[in-house]
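Summary of structural features
Given next are the chains, with one letter for each unit.
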Amino acid sequence: MQNDRLRTALGFAAKAGKCISGDFGAERAVKDKKALIIALDSGVSAATRERYEGMCQRAGIPCVYLEDLGRAIGKDNRMIAAVTEAGFARMIEETYKTSQQKQHTGG
C-alpha cells in the first residue's frame, strides 16, 4: 500500500515536469544542486546504489528506493529519478519514511 503511494507521488512529480530521470540527468541534477531527493529502483546494481548513496550523502539529500520506478514515472526503462520541487520531494520523503516505519514495526 505505501509503495503504491510512493509510486503515485513520484508519478505526480514526473507529470508536473519536476522529475529528471536517467543516470546522467539525475547525477547532473545532484551536482547542480537541483535535486532535492533521489529515487532509485530497488533493482539497481550494488555499484549504482553505492554511488548514489555516497553522492546523496555528500549533497545532503535523501535517497529512497521503490519497485518499478520506471513505470511510476511513465518511462519503463528508467531506474533513477531526481525530484526537483520541494513539495513533491517532501511528500515522497514522508511517504517513504512512513513505509519504512511500518515495515520495521510489522504494520
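The structure reproduced in this document is the subject of the present report. Quantities reported herein were computed from a predicted structural model and do not represent experimental measurements.

Moving on, we get to helix 3 (residues 46-59). Counted at 1.5 Å a residue, the expected span for helix 3 with its 14 residues is 20 Å, and the 20 Å between its end C-alpha atoms agrees. Considered for burial, the residues of helix 3 that qualify are T48, Y52, G54, M55 and C56. G60 lies just past helix 3 and shows a positive phi near 75 degrees.

Next up on the list: the pattern of salt bridges. Summed over the entire model, instances satisfying the criterion amount to seven salt bridges. The shortest N-O distance in the salt bridge between E27 and K31 comes to 2.9 Å. Note that E27 and K31 are positioned in helix 2 (residues 23-31) at a spacing of four residues, about one turn of the helix. Here the salt bridges share partners, and the residues they tie into one network are D23, E27, K31 and R51.

Ranked by internal contacts, the top residues of the largest apolar core, which has 32 residues, are L10, I38, L40, V83 and I92. Among the secondary structure elements, those contributing two or more residues to this core are helix 1 (2-15), helix 2, strand 2 (37-41), helix 3, strand 3 (63-66), helix 4 (69-73), strand 4 (80-83) and helix 5 (86-105). Filtering out sequence-adjacent residues up to four positions away, I38 remains in contact with A26, V30, Y52, C56, I61, P62, C63, V64, I80, A81 and A82.

Cut-offs and rules
- Residues numbered from 1 in each chain as written.
- Predicted model: local features only at pLDDT ≥ 70, side-chain atom pairs only at ≥ 80, totals over all residues.
- Heavy atoms only, no water.
- Helix = DSSP H or I, 4+ residues; strand = E, 2+ residues; numbered from the N terminus.
- Expected span 1.5 Å × (residues − 1).
- Buried < 20%, exposed > 50% of the residue type's maximum accessible area, 1.4 Å probe, protein only.
- Salt bridge = Lys/Arg side-chain N within 4 Å of Asp/Glu carboxyl O.
- Core = buried A, V, L, I, M, F, W, Y, C linked by side-chain atoms within 4.5 Å.
- Contact = heavy atoms within 4.5 Å.

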